[in-house]
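Coordinates in review
Spelled out, the chains give:
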Amino acid sequence: MNGFVSFVGSGPGDPELLTLKALNRLKDAKVVLFDDLSSGQILDHANSDANLIGVGKRAGRRSPKQYHVSQLLVDYASQGVKVVRLKSGDPGIFGRLEEEINALRWAKINFEIIPGVTAASAAAAVASMPLTRRTSARRLQFMTGHDIAGLLPNDLNLKALADPLCTSVIYMPKRTFPDLAKLLIMKGLHKDTNALLAESVSLPEQKLTYSTLEKLAQKLAADTGSAPGIILFGPLAYKADQYVGETLDGT
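Residues numbered from 1 in each chain as written. Predicted model: local features only at pLDDT ≥ 70, side-chain atom pairs only at ≥ 80, totals over all residues. Heavy atoms only, no water.

Further remarks concern the packing of aromatic side chains. Scanning the entire structure with this criterion turns up three aromatic pairs. Consider the rings of F7 and F111, whose centres lie 6.0 Å apart with planes at 80 degrees: the pair is edge-to-face. One end of the pair, F7, is in strand 1 (residues 4–9); the other, F111, is in strand 5 (residues 110–114), with 104 residues separating them in the sequence. Given a relative accessible area of 24%, F111 falls into the partly exposed group. Here a set of aromatic residues connected by ring pairs shows up, and it is made of F94, F142 and Y171. (Phe/Tyr/Trp six-rings, centres within 6.5 Å; stacked < 30°, edge-to-face > 60°. Helix = DSSP H or I, 4+ residues; strand = E, 2+ residues; numbered from the N terminus. Buried < 20%, exposed > 50% of the residue type's maximum accessible area, 1.4 Å probe, protein only.)

Spatially, the five strands line up as an open sheet ordered 3-2-4-1-5, and their pairing is parallel. Single-partner strands in this sheet number two, and they are strand 3 (51–54) and strand 5. If you compare each strand with its neighbour and ignore which way they point, the axes differ by 20 degrees on average. Strand direction decides the pairing type here: strand 1 and strand 5, joined by five bridges, are parallel. Paired with F4 across the strands is N110, a residue of strand 5. This element, helix 3 (residues 97–106), spans strand 1, strand 4 (82–87) and strand 5 of the sheet and lies at about 170 degrees to strand 1. (Pairing = 2+ DSSP bridges. Axes fitted to C-alpha atoms, helices over the stretch in contact; angles between N-to-C directions. Contact = heavy atoms within 4.5 Å.)

Here five strands make up an open sheet; going across it, the order is 6-7-10-8-9 and the pairing mixed. Here the strands that pair on one side only, and so sit at the sheet edges, are strand 6 (139–144) and strand 9 (207–212). Taken over all neighbouring pairs, the strand axes of this sheet differ in orientation by 20 degrees on average, direction set aside. Looking at chain direction, strand 7 (residues 166–171) and strand 10 (residues 229–233) are connected through four bridges and run antiparallel. In the strand pairing of strand 10, S168 is matched with F233. The sheet contacts of helix 4 (residues 119–126) involve strand 6, strand 7, strand 8 (194–199), strand 9 and strand 10, and relative to strand 10 the element is tilted by about 70 degrees.

What follows concerns the side chain of T144. Among the structural elements, T144 can be located in strand 6. The class for T144 is buried, based on a relative accessible area of 18%. In terms of polar contacts, T144 uses its side chain to reach the backbone carbonyl oxygen of H146, at 3.1 Å. Ignoring any residue separated from it by four or fewer positions in sequence, one finds T144 in contact with F94, P153, I170, Y171 and M172. (Polar contact = N/O pair within 3.5 Å; in protein donor to acceptor, adjacent residues only side chain to side chain.)

Shown next as structure tokens:
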């Protein structure tokens, strides 16, 4: 008899950002396959008898192959136990979710997806900034900073990314942001567009770097550092004490 797999979003790392459903699944699971950014204190909430298996992927480091992670899910669930696949942030946002649920579908193993706090929401909260504004940031877009080869994707919609009336969020951005910034400036986005680099969001070592599109690109070209980060740019990426919101009358 097959078991059951719960894809659980662990949020950006602070265990207090876990949902109640996520906590319940961790307590019930016999096996937990976790990402690097889902380790630490979050695993303290797992069943004390659970088998904890690290399967995280980090840029520039040796990591399990995706087919191996998918096969582990099938193998453990096929033993008839409850399995948690603990993914950082939200499972459906640049989390390779599709490959893993496809493997379960082929094996006829049931699963569920439990959303988590994605890095964009967490970073904006830490920075005390909204992600949208009624008059000048009506659109919010997410993109990944690299393709499957670790390079800047060559099929980006630069027109959309250079929209000055949009909040743009780049996941896994640091190595390729200098190249992206050059393309966006060439496409017409002003070099002084607000840009925020948020690193280790929600953790004790979190760091916010407020800059501009051009200056942040220069900084990262010189040194990317090793902390996981996310970049937000657009009209709302101000430092909190410099932020001026809408002054519209009415509702």
